[in-house]
Amino acid sequence: MNEYMTHKELDIFLKALAFAAEMHTGQVKKGCSKLPFINHPIKVASLLSSISRKKDIPLLVAALLHDVLEKTEADPAGIRAAFGKGVLGLVREVTDDKSLPDPERKQRQIESAGRLSPVAKKIRLADKICNMRDIMTYPLGWSQQRKLAYLDFAGKLAVELRGTDTRLERIFHREHSAAMRAVKAGTSRGAL
Ligand code: ZN
């Protein structure tokens, strides 16, 4: 089995990266004015690439694009035209309803987790791992209580996503425990 991308696949991947970077122009990770938002989807795609034996291009492209519908004015028709119906479907699966307040969005993520496609489940889990890493690494300006609430939410979501991918779940649990310990001890970077 060839574990490398073909030239054509690399072209599509880079096209998605350029598209996502353009859509997220000027956006920064909340509380981190110098960290471009695009680093987040790049890290999600990078994590998924590192745990995949076979390169799954729709998965990696959707990972790069996973926040464009929720956080930018990206046009779904444009995504479909450039990257296909399958990728648009995956991005839609992991897009929250923007009209709902944050607690409700998180509740919906937990409730709908079991109904996601296997590929969308991987993106969801990788997204949470990267967010937990950010909590550990960057001064996000979150209170200890807010960090613990996020970790509680991520933990509940991971329960619903059980059976998604052994390696990814192992990484999730390792990061979740480390983040929990650091936040409780007040040693995570962003502790207030
Ligand atoms: Zn995300």
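Draft legend 1. How the structure looks around the pattern of salt bridges. Taken as a whole and judged by the stated rule, the model has eleven salt bridges. Lysine 71 is the partner of glutamate 70 in a salt bridge, and the nearest nitrogen-oxygen pair spans 3.6 Å. Judged by relative accessible area, which is 34%, lysine 71 ranks as partly exposed. Aspartate 165 serves as the salt-bridge partner of lysine 122, at 3.9 Å between the closest nitrogen and oxygen.

Draft legend 2. Fine view of the coordination of the zinc ion. For the zinc ion, the full set of protein donor atoms is His40 (NE2), His66 (NE2), Asp67 (OD) and Asp127 (OD), and the range of their distances to it is 2.1 to 2.3 Å. Around the zinc ion, the four donor atoms sit at angles spanning 79 to 173°, and that spread fits a shape best called irregular. Along the chain, the residues that donate to the zinc ion are spaced as H-x25-H-D-x59-D. Grouping residues by exposure puts histidine 66 and aspartate 67 together as buried.

Draft legend 3. Local environment of helix H8 (residues 118-137). Relative to the 28 Å expected for 20 residues at 1.5 Å per residue, H8 spans 29 Å between its end C-alpha atoms, a close match to the ideal helical length. Taken across its 20 residues, H8 has 14 buried, putting it largely inside the fold.

Draft legend 4. Representation of the confidence of the model for the chain in the model. Residues with a pLDDT of 70 or more make up 96% of the chain, whose mean pLDDT is 92. At the low end of the mean pLDDT range in the chain sits helix H10 (residues 166-185), at 94; at the high end sits helix H6 (residues 85-93), at 98.

Draft legend 5. Region of the structure containing the nonpolar core. Of all hydrophobic cores here, the largest spans 54 residues; its most connected members are Leu48, Leu65 and Ile79. Beyond its immediate sequence surroundings of up to four residues, isoleucine 79 is in contact with Phe19, Leu65, Val68, Leu69, Ala74, Gly84 and Leu88.

Draft legend 6. View of the layout of surface pockets. Estimates place the volume of the largest pocket at around 770 Å³. Along the wall of the largest pocket there are 28 residues; nearest its centre are Lys30, Lys71, Lys106, Asn131 and Tyr150. Of all the secondary-structure elements, those providing two or more residues to the lining of the largest pocket are helix H4 (68-71), helix H7 (102-112), H8 and helix H9 (144-160). For the lining of the largest pocket, the leading source of residues is H8, giving six residues. Split by residue class, the lining of the largest pocket holds nine nonpolar, four polar and 15 charged.

Draft legend 7. Inspection of the side chain of histidine 66 at higher detail. Structurally, histidine 66 is set in the loop between helix H3 (57-65) and H4. With sequence-adjacent residues up to four places away left out, histidine 66 is seen in contact with His40, Pro41, Val44, Val91, Val94, Thr95, Ile123 and Asp127.

Parameters at a glance
Residues numbered from 1 in each chain as written. Predicted model: local features only at pLDDT ≥ 70, side-chain atom pairs only at ≥ 80, totals over all residues. Heavy atoms only, no water. Salt bridge = Lys/Arg side-chain N within 4 Å of Asp/Glu carboxyl O. Buried < 20%, exposed > 50% of the residue type's maximum accessible area, 1.4 Å probe, protein only. Donors = N, O, S within 2.8 Å, 3.2 Å for Na, K, Ca; no water. Tetrahedral: all angles 85-135°; square planar, octahedral: opposite > 155°, others 65-115°. Helix = DSSP H or I, 4+ residues; strand = E, 2+ residues; numbered from the N terminus. Expected span 1.5 Å × (residues − 1). pLDDT = per-residue confidence, 0-100. Core = buried A, V, L, I, M, F, W, Y, C linked by side-chain atoms within 4.5 Å. Contact = heavy atoms within 4.5 Å. 1 Å grid on protein atoms, 1.4 Å probe; cavity = no way out; pocket = protein on both sides within 12 Å on 5 of 7 lines; lining within 4 Å. Points joined across faces, edges and corners; volume = space filled by probe spheres on them. Nonpolar A, V, L, I, M, F, W, Y, C, P; charged D, E, K, R; others polar.

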